[in-house]
Amino acid sequence: MVNSSQSSGSVKTTCPYCGVGCGVLATPDGAGGVVVRGDPDHPANGGRLCSKGAALEETVGLEARLLYPEIRGRRCDWETALDTVAAGFGRIIAEHGPGAVAFYVSGQLLTEDYYVANKLMKGYIGAANIDTNSRLCMSSSVAGHKRAFGSDTVPCAYEDLERAKLVVLVGSNAAWCHPVLYQRLVQAKKKHPDLMVVVVDPRRTPTVDIADLHLPLDSGSDAVLFNGLLAHLDRSGEAHPLFVTQCTEGAARALAAARASAPDVETVAEQCGLEAAQVAEFFTLFARTERVVTVYSQGVNQSSSGTDKVNAIINCHLLTGRLGRPGMGPFSFTGQPNAMGGREVGGLANQLAAHMGFSEEEVDRVRRFWGAPRMATAPGLKAVELFRAIGAGQVKAVWIMGTNPVVSLPDADRVRDALERCELVVVSDCVRHTDTTACAHVLLPALAWGEKAGTVTNSERRISRQRPFLPPPGEARADWWIIARVARKMGYSAAFDYDSAAAVFREHARLSAFENDGRRDFDLSALAGLSDEGYEALVPLQWPVSVASPGGTVRLFGDGRFFTPSRRARFVAVTPRPPVHAPGPRYPLVLNTGRVRDQWHTMTRTGLSPRLSQHTVEPYAELHPRDAVRFGIRDGALLRLESQWGWMFARAVISAGQRAGMVFVPMHWNGQFASCGRVDALVNPETDPVSGQPESKHTPVAVAPYRPAWQGFILSRRRLHLPPLDYWVAARGDGYWRYELAHREAVADWSGWARALLCAEQPVRAEWVEYLDSAAGRYRGARLLAGRVDSALFVTPGDDLPERSWLCQLFAKEGLEREERVSLLTGVPPKDQPDVGRIVCSCFGVGMNTLLTAIREQGLTTPEAIGQALKAGTNCGSCVPELKALIARSRKAAG
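Keep in mind it's a predicted model, so treat the numbers as computed, not measured.

**Here's the deal with the overall build of the chain**
A count of helical and extended segments in the chain gives 30 helices and 35 strands. Whereas a compact globule of 895 residues would reach a radius of gyration of roughly 29 Å, the chain reaches 27 Å, a difference of no more than 12%. For the chain, the spread of C-alpha atoms along the three principal axes comes to 80 × 70 × 60 Å. Out of the 895 residues in the chain, the part that is buried amounts to 65%. Of the contacts formed within the chain by residues at least 6 apart in sequence, a portion of 71% connects residues at least 24 apart. The distance from the centre of the 99 positive side-chain charges to the centre of the 94 negative ones in the chain is 1 Å.

**Remarks on the nonpolar core**
Judged by nonpolar contacts, the single largest core of 142 residues is most densely connected at Phe89, Phe103, Trp399 and Phe496. The residues touching Phe89, leaving out its near neighbours within four places in the chain, are Val101, Ala102, Phe103, Ala397, Val398, Trp399, Leu424, Val426 and Met490. Formed by 56 residues, the second largest nonpolar core is a distinct cluster that contains Phe282, Tyr296, Cys316 and Ala569.

**Observations regarding the pattern of salt bridges**
Within the structure shown, the criterion is met by 63 salt bridges. Salt-bridge contacts for Asp497 lead to Arg488; the nearest nitrogen and oxygen are separated by 3.5 Å. What makes Asp497 exposed here is its relative accessible area of 54%. Overlapping salt bridges, with partners in common, bring together Glu361, Asp364, Arg365, Arg367, Arg368, Glu515 and Arg519 in one network.

**Structural notes on the sheet that holds strand β33 (residues 788–796)**
The strand order across the open sheet formed by 6 strands is β29-β30-β28-β33-β32-β31, and the pairing between neighbours is antiparallel. Looking at strand neighbours, the two that pair on one side only are β29 (727–733) and β31 (767–773), the edges of this open sheet. Pairwise comparison of adjacent strand axes, ignoring direction, gives a mean angle of 10 degrees for this sheet. In this structure, β31 lies alongside strand β32 (residues 778–785), joined through 7 bridges in antiparallel fashion. Paired with Trp768 across the bridge in β32 is Arg783.

**So, helix α10 (residues 251–261)**
Every buried residue belonging to α10 is among Ala251, Ala254, Leu255, Ala257, Ala258 and Ser261, and all of these are buried. For α10, the angular spread of buried residues about the axis comes to 160 degrees, placing them on one side. Facing away from the buried surface of α10 by more than 90 degrees, the exposed residues are Ala252, Arg253 and Ala260. For α10, the secondary structure elements touched by its buried residues are α8 (222–235), α9 (241–247), β12 (248–249), α11 (265–272) and α14 (306–320).

**Regarding the sheet that holds strand β6 (residues 74–75)**
The strands making up a sheet are joined through hydrogen bonds of the backbone, oriented either antiparallel or parallel. Strand order in the open sheet made by the 7 strands is β6-β5-β17-β16-β15-β7-β8, with mixed pairing throughout. Where the open sheet ends on each side, the last strands, each with one partner, are β6 and β8 (130–132). Direction of pairing for strand β7 (residues 101–105) relative to β8: parallel, over a ladder of 3 bridges. Its bridge partner lying in β8, Val105 is registered against Thr132. On top of the sheet, helix α3 (residues 111–125) reaches β7, β8 and β15 (397–401); it is set at about 165 degrees to β7, its chief contact.

**Quick word on the packing of helix α4 (residues 135–149) against α14**
Here α4 crosses α14 at 45 degrees, and the two axes come no closer than 8 Å. Comparing their axes, α14 and α4 come out oblique. With respect to the hand of their crossing, α4 and α14 are arranged in right-handed fashion. Of α14, the residues touching α4 (which contributes Ser140, Ser141, Ala143, Gly144, His145, Arg147, Ala148 and Phe149) are Gly306, Thr307, Asp308, Val310, Asn311, Ile314 and Leu318. Of the residues assigned to the contact of α4 with α14, the class counts are 6 nonpolar, 7 polar and 2 charged.

**Here's the deal with the state of the cysteines**
A covalent bond bridging the sulfur atoms of two cysteines is what the word disulfide describes. According to the stated counting rule, one finds 0 disulfides in the structure shown. Cys316 provides the cysteine sulfur closest to Cys156, a residue in no disulfide bond, and the two sulfurs are 14 Å apart. Among the residues examined, Cys156 registers a relative accessible area of 1% and is labelled buried. You can see Cys430 has no disulfide; the closest cysteine sulfur is in Cys15, sitting 14 Å from it. Take Cys430: its relative accessible area is 14%, and that puts it in the buried class.

Thresholds applied
Residues numbered from 1 in each chain as written. Predicted model: local features only at pLDDT ≥ 70, side-chain atom pairs only at ≥ 80, totals over all residues. Heavy atoms only, no water. Helix = DSSP H or I, 4+ residues; strand = E, 2+ residues; numbered from the N terminus. Rg over C-alpha atoms; globule rule 2.2 N^0.38 Å. Buried < 20%, exposed > 50% of the residue type's maximum accessible area, 1.4 Å probe, protein only. Contact = heavy atoms within 4.5 Å. Lys, Arg positive; Asp, Glu negative; His and termini not counted. Charge placed at Lys NZ, Arg CZ, Asp CG, Glu CD. Core = buried A, V, L, I, M, F, W, Y, C linked by side-chain atoms within 4.5 Å. Salt bridge = Lys/Arg side-chain N within 4 Å of Asp/Glu carboxyl O. Pairing = 2+ DSSP bridges. Axes fitted to C-alpha atoms, helices over the stretch in contact; angles between N-to-C directions. Arc of directions from axis to C-beta. Parallel < 35°, antiparallel > 145°, perpendicular 65-115°, else oblique. Left-handed = near helix turned anticlockwise from the far one by under 90°. Nonpolar A, V, L, I, M, F, W, Y, C, P; charged D, E, K, R; others polar. Disulfide = S-S within 2.5 Å.

Listed below in structure tokens is the structure:
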């Protein structure tokens, strides 16, 4: 159960990004930096990291950190800050009751942090108003699991992806969102050519690269597809009578609902916007394959009927008895690094700790274990409800921990308005400036990745240690420590007298075992007596970790017994429902939000990395060519998107991979990196009635060209304070910042404007080179210091601007050659200097122009050949679909 936590001077820890939970070896350099590589011994990744994980070392600097407590923007000491929080919450509870306060926490907290926060709110404040941003990610899966299994249980393990004969990816762009698992699947498919992959997604995402069949169904029609599959499986004699009879209940009602809504292939095809032959092929493939894993993610969960979609998928596995055995089962991939750990301790407002709910028996059990004086007896407010309650003045104090709801929640402008009106907003975070910290009265500095000690649980129920390898900077403290200190100041000293994360973990494990006796799935009884040394050396293992299975449990339900009162799994009768808001004349397109390859959440971490910022520089809107023609939008032009809730600017990307009638926009950009790039300002706040998960994949929007008076870009060694502009986006480069700009009003004196902006913070003698075509409205100016490029501005009334990549390369030079100075204002490199182009492979910094040249001149026809020539695609593999696209593009150009 234990091994060394260190290896050759490296600290074994885990990646802080997604739910894959990759093991990381971190080697400090002694100067505040670190070298990161994948842990070859960790079962989740076997040494592999994605582009984001591989760039972790670029995110550990302190320049963006919150290092000291602050009250209303002024630095204070910890005692003053903690007294203010405790007194503020105490006063509001005394005046208005416990329901007037709330916590909004994060799937990026460690399990120990989560546990202490839940104990304080639900056991001592006496309300269940604690919800998590994991609500936005996987709460429909939680609700679906509980309806079907009686517990929030993921039955599968990652190794089932490799042992399956058919993997169905539903609403999951795993190639970009869970790249390490996707690469495991890629390798499995290479090793076993009979492994089939089906991708169900309206978009042709990079994940489709390995698909044997892609079903580009209409947005929101997943339940029809899986109801149709359920009816087909029954009709084809693929039901497992013994399993259905002895291990399940409710099959007849579920089948009746399936037959009523999706009676045959033709009906399914029509309702899903698919070809009948595609549907028939999928149904036949699923029916004839015993070992099927159905992976689903945010494309299923983020829906006003997300829970029903989850159950429609699970129904198919129950009817065929395909779960609990190797290579089969429904499998939810979570987006948050510790969403699963949060669920273990009751991180959602409708849960209690240790996978318990709000039944009288369970409330009493947790009350007795905690010795809680004021136990919550009913579920609290879910995320969207919570911020509505803040806006309505019902909730008067909120403590936000490690998350950025002003960017990530739907109807985000109303979220910001609510916080600006709230009586007391406390934010604990490791980042000083976010859209949410701007609304805070009290800021509490938390430890960041590399400094924190605790545990996380990944999507396959595997608990891993996150270990510190850097000292705490400034006055930053662990989240569990901050929460416990506030609890003590509120009068609960004895219950929150923890001296370490290990002490919190032991209590968490004891609660999981308390009066369990095999009745609850979540059981860490074998770890309840773990010593500090044992905790330090804990190896990754999958729960339950009980006396009966001290080494952990790979998969569950192999005995056909579930956690419902009858111990039988429940079919759920699903009647498909369309999304709440249909597109119409005013808002004719459907907005679908999601992730890009090299950014994570609201960019507070990944936005610090020059390497990760080069792949996708601006927020973009991906449109089908027919929609682009319909709305007069050119590829690369700026456009304005609007819904009834808000608006934004984005750069148009025209792609046949996008489904007509839909537009895809990434979720990452915030107010620190873009003027108007928060897509969640547009997203409708409708939620699933069971799970409370928002419908982030379906919002009616309008799109229109945005026609500014000028566009331009700046490259600068310093971060700039820009004047008010309609459109700006900032991205970090290697030794410089890049700004993309546009504005509706012309500038009369470009030279003066440029000098005022680029010299404002560094008024030293500098050399200027400029070019102005006043008739055409074009300006180009560069500032040089000691022969090096310091900054450059390029402006045009249209969008005929030079490529940025070669100009960016100049910032790595100590001085410019004569030819480079001549070429500086044209933006065109001298003949002897190649322009690498937009970065495609972030791991090795290989640009598109370099790749196209090598493909053409060296006759490279496979990603493997590119890898041998340029190394691109040979590390994390995330860019391999793009490499294939470049090969295809080159072939097409060659005729």
